[in-house]
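# Observations on the model geometry
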Amino acid sequence: MSQPKTIYLKEYEAPAYHILSTELTFEIFEEHTLVINRMAIKRRGDVPVPLLLDGDDLELLCVKVDDVKIPTDAYERNEETLTLFDPGAEATVQVVTKIYPDKNTALEGLYRSGGIYCTQCEPHGFRRITYFIDRPDNMSVFTVKVIAEQSVCPVLLSNGNLEEEGSFPDGRHYALWKDPFPKPSYLFALVAGDLGRISDNFTTAEGNEVALHIYVDKGNEPRADHAMRSLKASMRWDEETYGRSYDLSVYNIVAVDSFNMGAMENKGLNIFNSHYVLADEETATDADFLGIESVIAHEYFHNWTGNRITCRDWFQLTLKEGLTVFRDQSFSADMQSEVVQRIRDVDMLRERQFPEDAGPTAHPIKPEQYIEINNFYTATVYEKGSEVIRMLHTILGEKAWRAAMDLYFETFDGQAVRTEDFLWAMQQHSPIDLAQFALWYSQERTPSLCAEHSYDPASGRLTLKLEQIVPDAVDGRKQQPYCMPLRLALLGHAGEELPLQLEGDTGAQPLLERGILLITRDEESFTFGGLASEPALSLNRHFGAPVVMEYPQEDVMNLMRFDSDGFVRYEAAQSFARSTLEAMMRGEAVSPQFLESFKHILEDESLDLQFKAQLLSLPTVTMLMQTQQTVDVHAILEASDALRREIAVACEATMRHLYALLHRPAHMGLEAESIGARALKNRLLGYLMAQQDAESIDSAMAQYEESHTMTDRLAALQLLHHGAPEAAEAPMRDFYERYSGDMLVMTKYFSVIASSPQPDTLSRVRAAMEDEVFNIKVPNLVRSLIGSFARNPYHFHAYDGSGYAFVAEQIIALDAINPMIAAGLSGAFKTYNRLNAHSRAQMRDALEKVQAHRGISKNVYEIVGKILA
Ligand code: 0A1
Ligand code: ZN
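Residues numbered from 1 in each chain as written. Chains lettered and ligands numbered in written order. Predicted model: local features only at pLDDT ≥ 70, side-chain atom pairs only at ≥ 80, totals over all residues.

## Points about the sheet that holds strand E11 (residues 116-120)
Taking strand neighbours across the sheet as the criterion, the four strands line up as E10-E11-E16-E13 in an open arrangement whose pairing is antiparallel. Only two strands of the sheet have a single partner each, and these edge strands are strand E10 (109-113) and strand E13 (155-158). Put simply, the sheet's adjacent strands are angled 15 degrees from each other on average, direction ignored. (Pairing = 2+ DSSP bridges. Helix = DSSP H or I, 4+ residues; strand = E, 2+ residues; numbered from the N terminus. Axes fitted to C-alpha atoms, helices over the stretch in contact; angles between N-to-C directions.)

Next comes the structure, spelled out in structure tokens:
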């Protein structure tokens, strides 16, 4: 194949034309759809220039300018564009294209999923529907007419407000939608099909009535209630927190089964992966409920941060994504417990983004180049992007943050802008110059912050030395030290926060009053006075900067017990567990102090139950891999399994007692206490099951049978299947029989199979692929089965290379169906460089097969190329 082209930010040029308004007519037929597209175009400059329209995989039927068919020598067409040589300074350009939604397995553009027609246009899907200036700096007012067979597609939706509907004598009908807000084509959406719906309404702070509808497959209506509650809560929250109200008279959400990502914020017509809409206690876990709340909020918040103010170009993706993730995380923290939410978000960052930032595909939150933009919907752009926004929030403080956001909305409403424009608004209300801070947008990799301290009893002073280690970029370029806020406290013997009396010139520390040090250099030293005895150091409270914090280990036991910052307590517990595991990998015995501290938390009755479950977790394999020079997965797994058993032996009686207390049917429902009870109970059962003894297996069997919630049922099933496969046979059969008709629940069943440590896992995964419930065209099923396998450290990294070979084989097969999903799966190989020679050689074999495959997509080409470079 020809070498895919690299696109550079520095080569950005504004488009030569704008499309002021766009009238679309969709004629939906069983085999194909006709798209009639009338665009009012306007040239920006005075001199005649060609009009370049993007198009991908389109059958072109007709081109007209001002209603006259133009001769074929007035335009030119290639794989990616339709060029009209000189359509004039202002004209109406009409193109008619024919597309085949049923054949569209890539799920970009217009496709049919489970009988429902729907679209996905971000980032480049619109060009698979019609020819257009398909870039976000081209904002147009859309009017959309959808025509289809009434019996096949009783529901016809698009963006904005419904203007008109009607029917034809031949059994077809139409709906006409108009969106008054100019928008880029990536926010266009259309849905047509036979759907049920639930409805509600919302009155905005200004008194406007908004109709709310959630469309789902018929029969699933009752499972959309939680999504509706979440939507209303989000709408209220954005009014109260940011003074932003909804701006159309209708808000539609549609749930579809085949979707490449979580959901999409199309103006007034969000399209969701059904996983993020449908839930009830019988079929969804607590994590699913929380996920729905957060994704519904995320898409709703995009209406202001993304739609009203959008991105100038795709390099600016974090402008809308980092900011919107920050907003949805703040919302979830307000709805749930703040510290529990923070720990979840940080876990996710470190589990997914840190490895990305340490690997061959590392990129700044604002990349400067790409081959395939779809590869940049990453944890870096989203989650690290959110951490960068969070640091700005910390630096400005609540009040100035709100003022800066108000300014951002007022100044740029209705525009397509850059991250520099956002930073400009922040700067107007910032206590510090943000020039150095802006490096967070242009540099990659995770910095480390190493802290050392010494206390001098004679003078009552503590000196804190901080060294900022900034790794080189992927290409070896040196990078500069960052400006970051570091929240800290000095704690007395009972955990009380002591006053921060910084000595010397404190002029450069405008945030100290709020307990925040501003770090700007690679080496800095701070002296605090007035300390009657040696304090414990509580650093990076709340995880205020996305860094690897190297902790002074001597304080961890105290911090774990009494730090008033819940995040630091958690961090101390994780860090103590990590050093314990590392010692075990060196052949040492389990540290008795660790077991004692663990027990201390276990027996602490004052703790919130969800928080306690988090404090009692062990670092994951991915986390442990991050601190190893050369990764030895099997050593990590051995040590982790051994520590789990030792903990179970040391705490068995207390755990059984507590488990019994928590395992009560009273604990149903979604309030924090019930969620907490389930989280803790299942954490305890996890430890107990590490012993694989009859009593624990009985508990798990009983929990499976008696459970009223999917959370409990699934936890028991997974522990049984992974730890006691013979006992698990009956519940596995039962689960399959109960839920084989429910695709969303089956994704859970497939992940249980694919994440198992049992030796026959790969053959079971292969067998599951043959199951009639499995369908390789449905991304949720692929992620749950093949994706879970690729994350299964026991088998992906199998010594004989079978795990790598299997995943490579699936990447090749999937690439022909859905390149985005194939590229996502390729990410499993990102650890390549850090593995030992044996595993590396096997991975190389697997990856080279992928690379050599004829016709590989540019999505996969870009990722695999970077890994092997
Ligand atoms: N903007 C969406 C994410 C999204 C991106 C690409 C998609 O398909 C190619 C779909 C969704 C969000 O942030 O929620
Ligand atoms: Zn988003």
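Anyway, onward from the coordinates.
## Some details on the UniProt feature "domain: Aminopeptidase N-like N-terminal" (unreviewed entry) in the protein chain
The positions UniProt marks with the feature "domain: Aminopeptidase N-like N-terminal" (unreviewed entry) are residues 63-187. Counted over residues 63-187, helix gives 0% and strand 52%. Its end C-alpha atoms are 24 Å apart. (UniProt positions renumbered as here; feature names shortened; annotations may be inferred.)

## Here's the deal with the site of ligand 1
Around ligand 1 sit 14 residues in total, of which Gln120, Glu122, Asn260, Met261 and Met264 are the nearest. At the level of secondary structure, the elements contributing two or more residues to the shell around ligand 1 comprise strand E20 (263-264) and helix H2 (286-301). Of the residues assigned to the shell around ligand 1, the class counts are four nonpolar, five polar and five charged. (Near = placed C-beta within 6 Å. Nonpolar A, V, L, I, M, F, W, Y, C, P; charged D, E, K, R; others polar.)

## Here's the deal with helix H13 (residues 633-662)
In this model, H13 (30 residues) spans only 34 Å end to end at C-alpha, well below the 44 Å of a helix rising 1.5 Å per residue. The principal kink in H13, of about 80 degrees, is found at cysteine 651. Buried within H13 are the following residues: Val633, Ile636, Ala639, Ser640, Leu643, Ile647, Ala648, Cys651, Met655, Tyr659 and Leu662. (Expected span 1.5 Å × (residues − 1). Bend = angle between axes of the 7 residues up to and from the residue. Buried ≥ 20, exposed ≤ 12 C-beta atoms within 10 Å, placed from the backbone.)

## Remarks on the nonpolar core
If you look at the biggest cluster of nonpolar residues, it comprises 238 residues, and the most contacted ones within it are Val146, Leu190, Val191, Ala192, Val254, Ile271 and Val277. The leading source of residues in this core is helix H5 (residues 379-412), at 11 residues. The contact partners of valine 146, leaving out residues within four places of it in the chain, are Phe26, Ile28, Leu156, Ser158, Tyr174, Ala175, Leu190 and Ala192. (Core = buried A, V, L, I, M, F, W, Y, C linked by C-beta atoms within 7 Å. Contact = placed C-beta atoms within 7 Å.)

## Looking at the UniProt feature "domain: Peptidase M1 alanyl aminopeptidase Ig-like fold" (unreviewed entry) in the protein chain
In the numbering adopted here, UniProt assigns the feature "domain: Peptidase M1 alanyl aminopeptidase Ig-like fold" (unreviewed entry) to residues 446-551. Within residues 446-551, the helical portion is 0% and the strand portion 42%, while the C-alpha atoms at the span's ends are 16 Å from each other.

## Quick notes on unusual backbone geometry
Here glutamate 122 and proline 123 are connected by a cis peptide whose omega angle stands at -10 degrees. Residue asparagine 540 is not a glycine yet carries a positive backbone phi of 50 degrees. Take asparagine 540: it is sitting in the loop between strand E31 (536-539) and strand E32 (548-550).

## Describing the environment of alanine 660
Position of alanine 660 relative to the elements: it lies in helix H13. Looking at alanine 660, the number of C-beta atoms within 10 Å reads 12, which means it is exposed. In this structure the C-alpha to C-alpha distance between alanine 660 and tyrosine 251, which are 409 residues apart in sequence, comes to 45 Å.

## Some points on the packing of helix H22 (residues 802-815) against helix H24 (residues 837-852)
Orientation of H22 relative to H24, taken along the N-to-C sense of each, is 15 degrees, at an axis distance of 9 Å. It follows from the interaxial angle that H22 and H24 lie roughly parallel. Regarding H22 and H24, the two cross each other, and that crossing is right-handed. Contacts between H22 and H24 pair Tyr804, Ala805, Ala808, Ile811 and Ile812 from the former with Gln842, Met843, Ala846, Leu847, Lys849 and Val850 from the latter. Here the contact of H22 with H24 is composed, by residue class, of nine nonpolar, one polar and one charged. (Parallel < 35°, antiparallel > 145°, perpendicular 65-115°, else oblique. Left-handed = near helix turned anticlockwise from the far one by under 90°.)

## Concerning the environment of serine 597
Examined against the element boundaries, serine 597 turns out to sit in helix H10 (residues 592-603). Taking the number of C-beta atoms within 10 Å as the measure of exposure, serine 597 has 22 and is therefore buried. Residues contacting serine 597, with those up to four places away along its chain left out, are Met557, Met560 and Phe576.

## Some remarks on the pairing of strand E21 (residues 269-273)
In terms of burial, E21 is a largely internal element, five of the five residues being buried. Residues Leu269, Ile271 and Asn273 line one face of E21 and the alternating positions Asn270 and Phe272 line the opposite face, and both faces are buried. Sheet topology places strand E19 (residues 250-256) next to E21; five bridges connect them, and they run parallel. Opposite isoleucine 253, over in E21, you have asparagine 270 as the bridge partner.

## A closer look at the pairing of strand E25 (residues 448-456)
A regular strand places its side chains so that they alternate between the two faces of the sheet. As paired strands, E25 and strand E26 (residues 461-469) are joined by nine bridges and run antiparallel to one another. Its bridge partner being in E26, aspartate 456 is matched across the sheet by arginine 461. Here E25 hands over to E26 after four residues, with glycine 460 in that stretch at a positive phi of 65 degrees. Of the strand pairs in this sheet, E25 and E32 are connected by three bridges, and their pairing is parallel. Opposite serine 448, over in E32, you have valine 548 as the bridge partner.

## Considerations on the sheet that holds strand E5 (residues 59-65)
Sheet strands pair via backbone hydrogen bonds, and the direction of the pair is either parallel or antiparallel. Spatially, E6-E5-E9-E3-E2-E12-E15-E14 is the arrangement adopted by the eight strands of the open sheet, whose pairing is mixed. The outermost strands of the open sheet, each flanked by one partner alone, are strand E6 (68-69) and strand E14 (161-167). Examined bridge by bridge, E5 and E6 share two bridges and lie antiparallel to one another. Following the sheet pairing, lysine 64 is matched in E6 by lysine 69.

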